[in-house]
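So you can see what is in the structure, the chains are spelled out below.
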Amino acid sequence: MKRILFALISVVASLTSCEQIILDGDWDPIELDKKHVNFPSEGGQNTVSALNYSRWWICGGYGSKRQVNGRWEYDDYVYPTSSVEEYVTYDTLDGGWFHVLVPDQGKSNTVIITVEPNEGSEPRTAIIDMTVGDSFTSISISQK
């Protein structure tokens, strides 16, 4: 009986000593190959990559944000969706005039940004928020 108890304690001790605990806020900042993408009025497509993570997902997109009474308020906030119904990937975003996709159903460190032609005379801007675990970053896009 003592041997079984000793073996059980040894197994539990070895499992807990090898466990790596990542605390909230302990994630490395996301490094990007570019933080801003410009598009001509004709529209187009461009990619942005996370350099230090193998995958990431979309938090959302918006036109602008401002602080009102200590809270952030967003203009034209758009929530991401998942391309696969069986599980949550948050790999697509439809902002109307801009579209965002994380390839391979979210199993990529790249995001593809597609912008529709700008038929108006005013420039357009948007922010895309991305995340990996507890680390967040923003990609800004603008179009003439």
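Here is a short report on the structure shown in this document.

### What about the nonpolar core?
Residues Trp 56, Phe 98, Ile 113, Ile 128, Ile 139 and Ile 141 are the most contacted members of the largest nonpolar core, which totals 24 residues. Taken together, the elements giving at least two residues each to this core come down to β1 (36–39), β7 (98–101), β8 (110–115), β9 (124–132) and β10 (135–143). With 4 residues, the top contributor of residues to this core is β9. Discounting residues that sit within four places of it in the chain, Ile 141 has contacts with His 36, Val 37, Phe 39, Trp 97, Phe 98, Ile 113, Val 115, Arg 124, Thr 125, Ala 126 and Ile 128.

### With respect to the sheet that holds strand β6 (residues 92–94)
If you trace the 4 strands from one edge of the open sheet to the other, you get β2-β8-β7-β6, paired in antiparallel fashion. Only two strands of the sheet have a single neighbouring strand rather than two, namely β2 (44–49) and β6. When strand polarity is set aside, the average angle formed by the axes of neighbouring strands in this sheet is 15°.

### Focus: a negative patch on the surface
A cluster of acidic side chains, namely Asp 26, Asp 28, Glu 31 and Asp 134, defines a negative patch on the protein surface. Tracing the chain through its elements places Glu 31 in the loop between α1 (2–18) and β1.

### Comments concerning the packing of aromatic side chains
Applying the stated criterion to the full structure yields 6 aromatic pairs. On the basis of an interplanar angle of 70° and a centroid distance of 4.8 Å, the ring pair of Tyr 62 and Tyr 74 is categorised as edge-to-face. Taken together, the residues span a long stretch of sequence, with Tyr 62 in strand β3 (residues 57–62) and Tyr 74 in strand β5 (residues 71–75) at a distance of 12 residues. A relative accessible area of 35% places Tyr 74 in the partly exposed class. A centroid spacing of 6.1 Å and a plane angle of 10° characterise the contact between Tyr 62 and Tyr 77, whose relative ring orientation is stacked. Taken together, the positions of Tyr 62 in strand β3 and Tyr 77 in the loop between β5 and β6 put the pair 15 residues apart, joining distant regions of the chain. Positioned above the aromatic ring of Trp 72 is the side chain of Lys 65, whose terminal nitrogen or guanidinium carbon lies 4.5 Å from the ring centre.

### Here we look at the side chain of Gln 143
Structurally, Gln 143 is set in strand β10. At a separation of 3.1 Å, a polar atom in the side chain of Gln 143 contacts the main-chain carbonyl oxygen of Pro 40. One polar contact links the side chain of Gln 143 to the main-chain carbonyl oxygen of Glu 116, over a distance of 2.8 Å. Setting aside chain neighbours within four positions, we find Gln 143 in contact with Phe 39, Pro 40, Ser 41, Glu 42, Gly 43, Trp 97, Val 115, Glu 116, Pro 117, Asn 118, Pro 123 and Arg 124.

### Points about the environment of Gly 63
Its location among the elements puts Gly 63 in the loop between β3 and β4 (64–68). Residues Gly 63 and Ile 127 lie 64 residues apart in sequence; the distance between their C-alpha atoms is 6.3 Å. Discounting residues that sit within four places of it in the chain, Gly 63 has contacts with Asp 75, Asp 76, Thr 125 and Ala 126.

### Observations concerning the sheet that holds β10
The strand order across the open sheet formed by 4 strands is β1-β10-β9-β3, and the pairing between neighbours is mixed. Of all strands in the sheet, those with a lone pairing partner are β1 and β3, marking the two edges. Across the sheet, the mean angle separating the axes of adjacent strands is 20° when strand polarity is ignored. Direction of pairing for β1 relative to β10: parallel, over a ladder of 4 bridges. Bridging from a neighbouring strand, His 36 pairs with Ser 140 of β10.

Calculation criteria
Residues numbered from 1 in each chain as written. Predicted model: local features only at pLDDT ≥ 70, side-chain atom pairs only at ≥ 80, totals over all residues. Heavy atoms only, no water. Core = buried A, V, L, I, M, F, W, Y, C linked by side-chain atoms within 4.5 Å. Buried < 20%, exposed > 50% of the residue type's maximum accessible area, 1.4 Å probe, protein only. Helix = DSSP H or I, 4+ residues; strand = E, 2+ residues; numbered from the N terminus. Contact = heavy atoms within 4.5 Å. Pairing = 2+ DSSP bridges. Axes fitted to C-alpha atoms, helices over the stretch in contact; angles between N-to-C directions. Patch = residues over 30% accessible without salt bridge, like charges linked within 9 Å, V, L, I, M, F, W, Y side chains within 5 Å. Areas by Shrake-Rupley, 256 points an atom, 1.4 Å probe, with all protein chains shown as cover. Salt bridge = Lys/Arg side-chain N within 4 Å of Asp/Glu carboxyl O. Lys, Arg positive; Asp, Glu negative; His and termini not counted. Charge placed at Lys NZ, Arg CZ, Asp CG, Glu CD. Phe/Tyr/Trp six-rings, centres within 6.5 Å; stacked < 30°, edge-to-face > 60°. Lys NZ or Arg CZ within 6 Å of the ring centre and 35° of its normal. Polar contact = N/O pair within 3.5 Å; in protein donor to acceptor, adjacent residues only side chain to side chain.

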